[in-house]
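# Survey of secondary and tertiary structure
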Amino acid sequence: MIAKRRVVTGIALAALVFAIAAPARAGVDMNTGIRYVYNLGSIADCGVKAKAALNAYLQNATEKTPGSGEWLAYAKPTNGQNTAAAVIQCGTAGKGYFVTFTCAVQKPGNSFDADALCLNIAHNFSGKTVTTLATPTPVPSGCSTTNLVGTWVSDSNSKLVLTMDTEGGLSDPDGVSGNWYLVGTTVTLTYYGNKTLTLSADGKHMSGSGASYTRKC
Amino acid sequence: MAGTPHYRLALFTVAFGAFAVLCTTAAPAALDMAIGDKKTVSNQSDSDCNTRAQAALTSVLARPDEINPGEWRAIAKVEPPATPPQAASIHCFPDGNGYTATFECAVEIPPSAMSAADLCSKLGAAFDAKQSAYGSNASPGGKK
């Protein structure tokens, strides 16, 4: 009987830890829809331009199988992980070819989105005007009531410092990650589960759901 | 000593602590993207491709958007502030007296347990499974 209770308690504790500890994850932002049709040209012609366009914004563009006209490239990894990629597909259309562009970007975690990536790759392919992709925004100084970017110290544990980035991500000193979301003065923190807090009028404090933080600013 | 209640309690505490740390350590997420196998279908119209693309994306991911004629995209539905772990697109274009469909997939691992290649395979199978009103003439790979 006692052994059974211990097993049940163990399972319950394990489930509880797993439920509250699962951190928030980044998601996929995908863009597609740009399609060009060229009346003259081969798949090989398309491939040359596809490889150059992909490598202008990403790196190591590779063709799925030689001559297939299906090209894939990833961005330079961030902390060893891929966070952006694009596909260009070339296909025969009469005496010419068509080409499509599809891009995927990890959000949060990138300063540009899939729309910007695909538009620039497509414009590079077609020789239209291109722009530089956005780079990470510098962390703003001072307290803001429009975002939570910066560092926040727990009022109950000075060692618990949350660093919140411009992309809506957060991390603590142990490497646990999460997300922040601000609408008006209502803060949603996804960090050991979802917590709802209220941001003070001066942007320096937030509290709620049993947690309280003060911004370093 | 090994069987005393104190020893057992200490052992349990250490094991539980290790488990908690394991659970709370966030694995870095990575983007995975793949190109699925092309489908070339003869003696069928664009609308057949569009019907299949829509049905395949709906059954595997979510109701898709037609970005442009013949360009379909679906992104897995999640409740904010969660972010979608999977997305895919299907392109339909005329090819001779039929059409060709291409597939692109992207996933975030974790939380997605499925790779982008697996997602594209699943989409391809769903695309084939949706029977055309005129019979199925899909074949993998290049032109017929």
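Attention here is on the structure that accompanies the text. (Residues numbered from 1 in each chain as written. Chains lettered and ligands numbered in written order. Predicted model: local features only at pLDDT ≥ 70, side-chain atom pairs only at ≥ 80, totals over all residues. Heavy atoms only, no water.)

### A few points about the overall build of chain B
If you tally the helices and strands in chain B, you get 3 helices and 7 strands. Reading the secondary structure of chain B in the N-to-C direction produces α-β-β-α-β-β-β-β-α-β. Counting only residues that meet the buried cut, chain B has 47% of its 144 residues in that class. Residue pairs at least 24 apart in sequence account for 59% of intrachain contacts in chain B once pairs closer than 6 positions are excluded. Element-wise, carbon and sulfur atoms account for 60% of the exposed surface of chain B, whose accessible area totals about 7000 Å². (Helix = DSSP H or I, 4+ residues; strand = E, 2+ residues; numbered from the N terminus. Buried < 20%, exposed > 50% of the residue type's maximum accessible area, 1.4 Å probe, protein only. Contact = heavy atoms within 4.5 Å. Areas by Shrake-Rupley, 256 points an atom, 1.4 Å probe, with all protein chains shown as cover.)

### Focus: the overall build of chain A
Each helix and strand counted, chain A has 3 helices and 13 strands in total. When the 217 residues of chain A are sorted by exposure, 43% land in the buried category. Of all intrachain contacts in chain A linking residues separated by at least 6 positions in sequence, the fraction that spans at least 24 positions is 49%. With the model as given, the accessible surface of chain A reaches about 10700 Å², and the carbon-plus-sulfur share is 57%.

### Focus on the pairing of strand E5 (residues 96-107) of chain A
Residues and elements named next belong to chain A. Most of E5 sits inside the fold, with 11 of its 12 residues counted as buried. As paired elements, strand E1 (residues 27-38) and E5 share 10 bridges and run antiparallel to each other. Counterpart to Tyr38 in the pairing with E5 is Tyr97. Note that strand E4 (residues 84-93) and E5 share 10 bridges and pair antiparallel. Paired with Ala86 across the two strands is Cys103, which belongs to E5. Remark: 2 residues form the turn of the hairpin made by E4 and E5, two consecutive strands paired antiparallel; Gly94 in that turn has positive phi of roughly 65°. (Pairing = 2+ DSSP bridges.)

### Section: the state of the cysteines
Residue and element names in this part refer to chain A. Following the criterion strictly, the structure yields 4 disulfides over all chains and no others. Residue pairing for Cys46: its cysteine sulfur links by disulfide to Cys90, the two sulfurs lying 2.0 Å apart. As the torsion about the S-S bond is roughly -75°, the Cys46-Cys90 disulfide counts as left-handed. Of this pair, Cys46 sits in helix H2 (residues 43-57) while Cys90 is found in strand E4, placing the two residues 44 residues apart along the sequence. The two residues Cys46 and Cys90 agree in class, both being buried. Across a sulfur-sulfur distance of 2.3 Å, Cys103 and Cys118 are joined as a disulfide pair. Linking Cys103 and Cys118, the disulfide has an S-S dihedral of approximately 100° and is accordingly described as right-handed. With Cys103 in strand E5 and Cys118 in helix H3 (residues 114-126), the pair connects residues that are 15 residues apart, well separated along the chain. (Disulfide = S-S within 2.5 Å.)

### Details of the sheet that holds strand E13 (residues 211-215) of chain A
Residues and elements named next belong to chain A. Around the barrel, 8 strands lie side by side as E6-E7-E8-E9-E10-E11-E12-E13; this closed barrel has antiparallel pairing. Shown here is a sheet whose adjacent strand axes are inclined to one another by a mean of 30°, direction ignored. Here 3 bridges tie strand E6 (residues 150-154) to E13, and the two strands are oriented antiparallel to one another. When the sheet's bridge partners are listed, Ser154 is paired in E13 with Tyr213. (Axes fitted to C-alpha atoms, helices over the stretch in contact; angles between N-to-C directions.)

### Side note on the packing of aromatic side chains
All names here are of chain A. The full count for this structure, using the stated rule, is 9 aromatic pairs over all chains. Plain terms: the ring middles of Tyr36 and Tyr38 are 6.3 Å apart, the flat faces sit at 85° to each other, and that makes the pair edge-to-face. An angle of 80° between the planes, with centres 5.5 Å apart, marks the rings of Phe101 and Phe125 as edge-to-face. Highlighted residues: Phe101 in strand E5 and Phe125 in helix H3, separated in sequence by 24 residues. Classification of Phe125 by relative accessible area gives buried; the value is 3%. Aromatic ring contacts, followed pair by pair, group Tyr36, Tyr38, Tyr97, Phe101 and Phe125 into a single cluster. (Phe/Tyr/Trp six-rings, centres within 6.5 Å; stacked < 30°, edge-to-face > 60°.)

### Focus on the pattern of salt bridges
Working definition: two side chains of opposite charge can pair if their charged atoms are close together. A complete count under the given rule lists 5 salt bridges over all chains for this structure. A salt bridge links Arg35 of chain A to Glu71 of chain B; its shortest N-O distance comes to 2.5 Å. Residue Arg35 of chain A is found in strand E1, and its partner Glu71 of chain B is found in strand E4 (residues 71-75); the two belong to separate chains. For Glu71 of chain B, a relative accessible area of 1% gives the class buried. Between Asp48 of chain B and Arg52 of chain B there is a salt bridge; the shortest N-O distance is 3.1 Å. Placement of both Asp48 of chain B and Arg52 of chain B in helix H2 (residues 46-60) is noted, with a separation of 4 residues, approximately one turn of the helix. (Salt bridge = Lys/Arg side-chain N within 4 Å of Asp/Glu carboxyl O.)

### Some remarks on the interface of chain A and chain B
Between chain A and chain B, the contact holds 48 residues from the first and 47 residues from the second. Taken together, the two surfaces of chain A and chain B that pack against each other cover about 3700 Å², and 62% of this comes from carbon and sulfur. Inspection of the region where chain A meets chain B yields 2 salt bridges. If you look at where chain A meets chain B, you find 18 residue pairs in polar contact (both at pLDDT 80 or more). Breaking the side of chain A that touches chain B down by element, the ones donating at least two residues are helix H1 (2-21), E1, strand E3 (70-74), E4, E5, strand E9 (177-183) and strand E10 (186-190) of chain A. For the side of chain A that touches chain B, the leading source of residues is E5 of chain A, giving 8 residues. Partitioned by chemical class, the residues of the side of chain A that touches chain B number 25 nonpolar, 17 polar and 6 charged. (Buried area = accessible area lost by both parts, 1.4 Å probe. Polar contact = N/O pair within 3.5 Å; in protein donor to acceptor, adjacent residues only side chain to side chain. Nonpolar A, V, L, I, M, F, W, Y, C, P; charged D, E, K, R; others polar.)

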